Amino acid sequence: MDVKDKGVFLTGGARGLGRGMCQALLEKGAKVLFCDVNADTGRAAEAELQGKYGADHVIFSQCDVTDADQMKASFQRAVSQWGAVDICVNNAGVMDERIWEKMIQTNTMGQIRGSQLALEHMRRDEGGRGGVIVNTVSMAGLIPCHWFPAYCASKHAVVGYTTSWARNPMAGAMGVRWCCLCPVSVNTDMMTSLQEDQIFDMDNFRERAADTMLQPEEVVQAFMRLVEDSDNNGAILEVWRGKGATYRKRQLVDMDGVSNPMVVDNPSQTSLKPSDVK
Ligand SMILES: NC(=O)C1=CN([C@@H]2O[C@H](COP(=O)(O)OP(=O)(O)OC[C@H]3O[C@@H](n4cnc5c(N)ncnc54)[C@H](O)[C@@H]3O)[C@@H](O)[C@H]2O)C=CC1
Ligand SMILES: CCCCC/C=C\C=C\C(=O)C/C=C\C/C=C\CCCC(=O)O
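The name given to the protein chain in an unreviewed UniProt entry is 15-hydroxyprostaglandin dehydrogenase [NAD(+)], with the source organism recorded as Littorina saxatilis. Regarding the protein chain, the relevant UniProt record gives this comment under Sequence similarities (unreviewed entry): "Belongs to the short-chain dehydrogenases/reductases (SDR) family."

Caption draft 1: A look at the site of ligand 1. For ligand 1, the set of nearby residues contains 28 residues, the closest of which are Arg 15, Asp 36, Tyr 151, Val 186 and Thr 188. Between Leu 17 and ligand 1, the recorded distance is 2.8 Å, taken from a backbone N or O atom to an oxygen atom. Contact distances for ligand 1 include 2.7 Å between an oxygen atom and a side-chain N or O atom of Tyr 151. Within the complex, the protein chains bury 94% of what would otherwise be the 820 Å² of accessible surface of ligand 1.

Caption draft 2: Molecular detail of the site of ligand 2. Surveying the vicinity of ligand 2 reveals 19 residues, the closest of which are Ser 138, Tyr 151, Ser 185, Leu 194 and Thr 212. Within the side chain of Tyr 151, one N or O atom sits 2.6 Å away from an oxygen atom of ligand 2. Notes on ligand 2: free accessible area 630 Å², of which the protein chains cover 94%. When contributions to the shell around ligand 2 are tallied by element, the ones reaching two or more residues are helix 7 (189-192) and helix 8 (202-210). With four residues, the top contributor of residues to the shell around ligand 2 is helix 8. Grouping the amino acids of the shell around ligand 2 by side-chain chemistry returns 14 nonpolar, three polar and two charged.

Caption draft 3: Representation of the nonpolar core. Ranked by size, the top nonpolar core spans 46 residues in total, and within it Leu 25, Val 32, Phe 34, Leu 181 and Phe 223 carry the most contacts. Of all the elements, helix 9 (residues 216-228) adds the most residues to this core, at seven residues. With residues near it in sequence (within four places) discarded, Val 32 still touches Val 8, Cys 22, Leu 25, Leu 26, His 57, Val 58, Ile 59 and Trp 82. Of all hydrophobic cores here, the second largest spans 24 residues; its members include Cys 35, Phe 75, Ala 118 and Tyr 161.

Caption draft 4: Focus on the pairing of strand 1 (residues 7-11). For strand 1, a buried count of five out of five residues is recorded, marking the element as mostly surrounded by other parts of the structure. Across the two faces of strand 1 the burial is the same, with Gly 7, Phe 9 and Thr 11 and Val 8 and Leu 10 all buried. For strand 1 and strand 2 (residues 31-36), the ladder comprises five bridges, and the chain directions are parallel. Its bridge partner being in strand 2, Phe 9 is matched across the sheet by Leu 33. Note on the crossover from strand 1 through helix 1 (residues 16-27) to strand 2: the handedness is right-handed. Where strand 1 meets strand 4 (residues 87-90), three bridges bridge the pair, whose relative direction is parallel. Considered in strand 4, the bridge of Leu 10 is made with Val 89.

Caption draft 5: Layout of the packing of helix 1 against helix 2 (residues 39-53). Direction vectors running N to C along helix 1 and helix 2 enclose 15°, while the axes themselves pass 11 Å from each other. Relative to helix 2, the element helix 1 lies roughly parallel. Crossing hand, helix 1 versus helix 2: right-handed. Contacts between helix 1 and helix 2 pair Arg 19, Cys 22, Gln 23, Leu 26 and Glu 27 from the former with Ala 45, Glu 48, Leu 49, Lys 52 and Tyr 53 from the latter. Residue composition of the contact of helix 1 with helix 2, by class: five nonpolar, one polar and four charged.

The rules behind the values
Residues numbered from 1 in each chain as written. Chains lettered and ligands numbered in written order. Predicted model: local features only at pLDDT ≥ 70, side-chain atom pairs only at ≥ 80, totals over all residues. Heavy atoms only, no water. UniProt positions renumbered as here; feature names shortened; annotations may be inferred. Near = heavy atom within 4 Å. Polar contact = N/O pair within 3.5 Å; in protein donor to acceptor, adjacent residues only side chain to side chain. Areas by Shrake-Rupley, 256 points an atom, 1.4 Å probe, with all protein chains shown as cover. Helix = DSSP H or I, 4+ residues; strand = E, 2+ residues; numbered from the N terminus. Nonpolar A, V, L, I, M, F, W, Y, C, P; charged D, E, K, R; others polar. Core = buried A, V, L, I, M, F, W, Y, C linked by side-chain atoms within 4.5 Å. Buried < 20%, exposed > 50% of the residue type's maximum accessible area, 1.4 Å probe, protein only. Contact = heavy atoms within 4.5 Å. Pairing = 2+ DSSP bridges. Right-handed = clockwise from strand over helix to strand, strands pointing away. Axes fitted to C-alpha atoms, helices over the stretch in contact; angles between N-to-C directions. Parallel < 35°, antiparallel > 145°, perpendicular 65-115°, else oblique. Left-handed = near helix turned anticlockwise from the far one by under 90°.

Structure, rendered in structure tokens:
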């Protein structure tokens, strides 16, 4: 997909990965409405991005993804502003085991809600013009993590939801692609501002993550591959730290439940085909 002039709806865009994704999309000429629960950070990001890319290309909408009415209003604002939403990025998330219910509401229900709004709007079989939905998950959506069980559960649910839609027999007719972005730890505020009691066994995790932490721009690069490569329906793109960032894409390639892991060591390779599977 060429993102130039495409309409984008993105959640949790005021800082961190979401902010980086907005910038990468804007660099390529997309039109971005980003929302965030934090109005101050959101407005500051809006001012900065509008200064660089113009108010006709980027706007902020305050929205709490746990509130269905606010989500609907923000999504509709993106549709009115850009004419259509072609790219939906459900990225807002929190990490705090003490407030596990809020975490499920934000990480799981917020992403499902955004996905549903996008699907309804985009599906070609009901008059839409197709598009792509990327859910920011985590490696914690694919493996057990004893440091944050509820966070881990909130992310596993999104993988199940996203890949299930990708495998819908009507996926072709709907013209909507579904992708999961699954990085290990990333050096953002979520990571750096975490308090001792927000996860279990913090020292152990800190030690474990110390050498493997990714930089946000490495994850943003992976995100852009998911958006731009039209072969990516059902892709689960893992981002690890090896020698530099390492990408491994698993993708549903048929309707028999076959998930083929494809290992890519060269981050510049953007297009993978089933024949690439070793
Ligand atoms: N930082 C990390 O190590 C990793 C993060 N992730 C995921 O990436 C996504 C982005 O995380 P980061 O950029 O690292 O975090 P961050 O904390 O820097 O940014 C998250 C943004 O989401 C917003 N947000 C939180 N709750 C919201 C709500 N209810 N409604 C609207 N906006 C809300 C925050 O205000 C913030 O601006 C999250 O889904 C996170 O779970 C995945 C893997 C690793
Ligand atoms: C030291 C403070 C840690 C704070 C953690 C904050 C956010 C983490 C969010 C995640 O989604 C974590 C991502 C993946 C976890 C899965 C495996 C971790 C293995 C260790 C590693 O290599 O990072």
